[in-house]
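Examining the three-dimensional arrangement
Below, each chain spelled out in residue letters.
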Amino acid sequence: MNVPFGFIPGFLPGASSLLTSLDKSILIILRDSSHLIGILRSYDQFSNVVVSDCVRRRFIVSKNVYTEEKRGLEVVRGDTIIMLGEFEGGKGGMREVGGEEFKVIEEGLGEGEENKVVWDFDQDF
């Protein structure tokens, strides 16, 4: 069976499925609920990834705001990744605020208010 050089099959198992996302904008959700957005530059067989132009997006859902912290080049361990996918941008109807304003809002949160994004997979997807 002759397979042409550079041929990418329709389905790639495991970490090799990241091949189609190289040099594209991605969103990574980590186990600590951090959200990283950047350009996927490299990966290995353990799903460790290298992301350039990376920003960390933090949320206060109850106040409908978020902030972004520039991180630059980021190396992310594969065992900390919950979800990774291509990202086309968007703010999800939330308002972006600066870092200082975000801290003020965060300090003013009540005891029952949550500042992490909680996914409800039955409704969100």
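- In the annotation of an unreviewed UniProt entry, the protein chain is listed under the name Sm domain-containing protein and assigned to Triparma verrucosa.
- Here is the UniProt Sequence similarities (unreviewed entry) comment for the protein chain, exactly as written: "Belongs to the snRNP Sm proteins family."

**Quick word on the overall build of the protein chain**
- If you tally the helices and strands in the protein chain, you get two helices and six strands.
- Its helices and strands in sequence order give the protein chain the pattern β-β-β-β-β-β-α-α, from N to C terminus.
- For the protein chain, with 125 residues in total, the buried portion stands at 30%.
- Accessible surface computed for the protein chain: about 8500 Å², of which carbon and sulfur atoms make up 52%.

**Here's the deal with the sheet that holds strand β4 (residues 65–76)**
- Reading across from one edge, β5-β1-β2-β3-β4-β6 is the order of the six strands in this open sheet, with mixed pairing throughout. Edge positions in the open sheet fall to β5 (81–86) and β6 (95–96), since each of these has one partner strand only.
- Here strand β2 (residues 35–43) runs beside strand β3 (residues 49–60); their pairing, made up of seven bridges, is antiparallel. Counted as the bridge partner of His35 is Arg57 from β3.
- Contacts from helix α1 (residues 99–107) reach β3, β4 and β6, with the element oriented near 45° to β3.

**A few points about the nonpolar core**
- If you look at the biggest cluster of nonpolar residues, it comprises eleven residues: Leu18, Ile26, Ile28, Leu30, Leu36, Leu40, Val49, Val51, Cys54, Val76 and Ile81.
- Going through the elements one at a time, β1 (25–30), β2 and β3 are the ones with two or more residues in this core.
- Ile60, Val97, Phe102 and Leu109 belong to the second largest nonpolar core, which has six residues in total.

**Topic: the side chain of Ser21**
- When you line up the elements, Ser21 lands in the segment before β1.
- Within polar-contact distance, the side chain of Ser21 engages the side chain of Glu86 at 3.3 Å.
- Every residue in contact with Ser21, bar those within four places of it in the chain, is listed here: Ile26, Leu40 and Glu86.

**Some remarks on the pattern of salt bridges**
- This model, assessed by the stated rule, comprises nine salt bridges.
- Note that Glu69 and Arg71 form a salt bridge whose closest N and O atoms lie 3.8 Å from each other.
- With a shortest N-O distance of 3.4 Å, Glu101 and Arg95 are connected by a salt bridge.
- Given the relative accessible area of 38%, Glu101 is considered partly exposed.

**Considerations on the side chain of Thr67**
- Looking at the element boundaries, Thr67 is found in strand β4.
- On the accessibility criterion, Thr67 (7% relative accessible area) is buried.
- For Thr67, the side chain forms a polar contact with the main-chain oxygen of Val97, separated by 3.0 Å.

Parameters at a glance
- Residues numbered from 1 in each chain as written.
- Predicted model: local features only at pLDDT ≥ 70, side-chain atom pairs only at ≥ 80, totals over all residues.
- Heavy atoms only, no water.
- UniProt positions renumbered as here; feature names shortened; annotations may be inferred.
- Helix = DSSP H or I, 4+ residues; strand = E, 2+ residues; numbered from the N terminus.
- Buried < 20%, exposed > 50% of the residue type's maximum accessible area, 1.4 Å probe, protein only.
- Areas by Shrake-Rupley, 256 points an atom, 1.4 Å probe, with all protein chains shown as cover.
- Pairing = 2+ DSSP bridges.
- Contact = heavy atoms within 4.5 Å.
- Axes fitted to C-alpha atoms, helices over the stretch in contact; angles between N-to-C directions.
- Core = buried A, V, L, I, M, F, W, Y, C linked by side-chain atoms within 4.5 Å.
- Polar contact = N/O pair within 3.5 Å; in protein donor to acceptor, adjacent residues only side chain to side chain.
- Salt bridge = Lys/Arg side-chain N within 4 Å of Asp/Glu carboxyl O.

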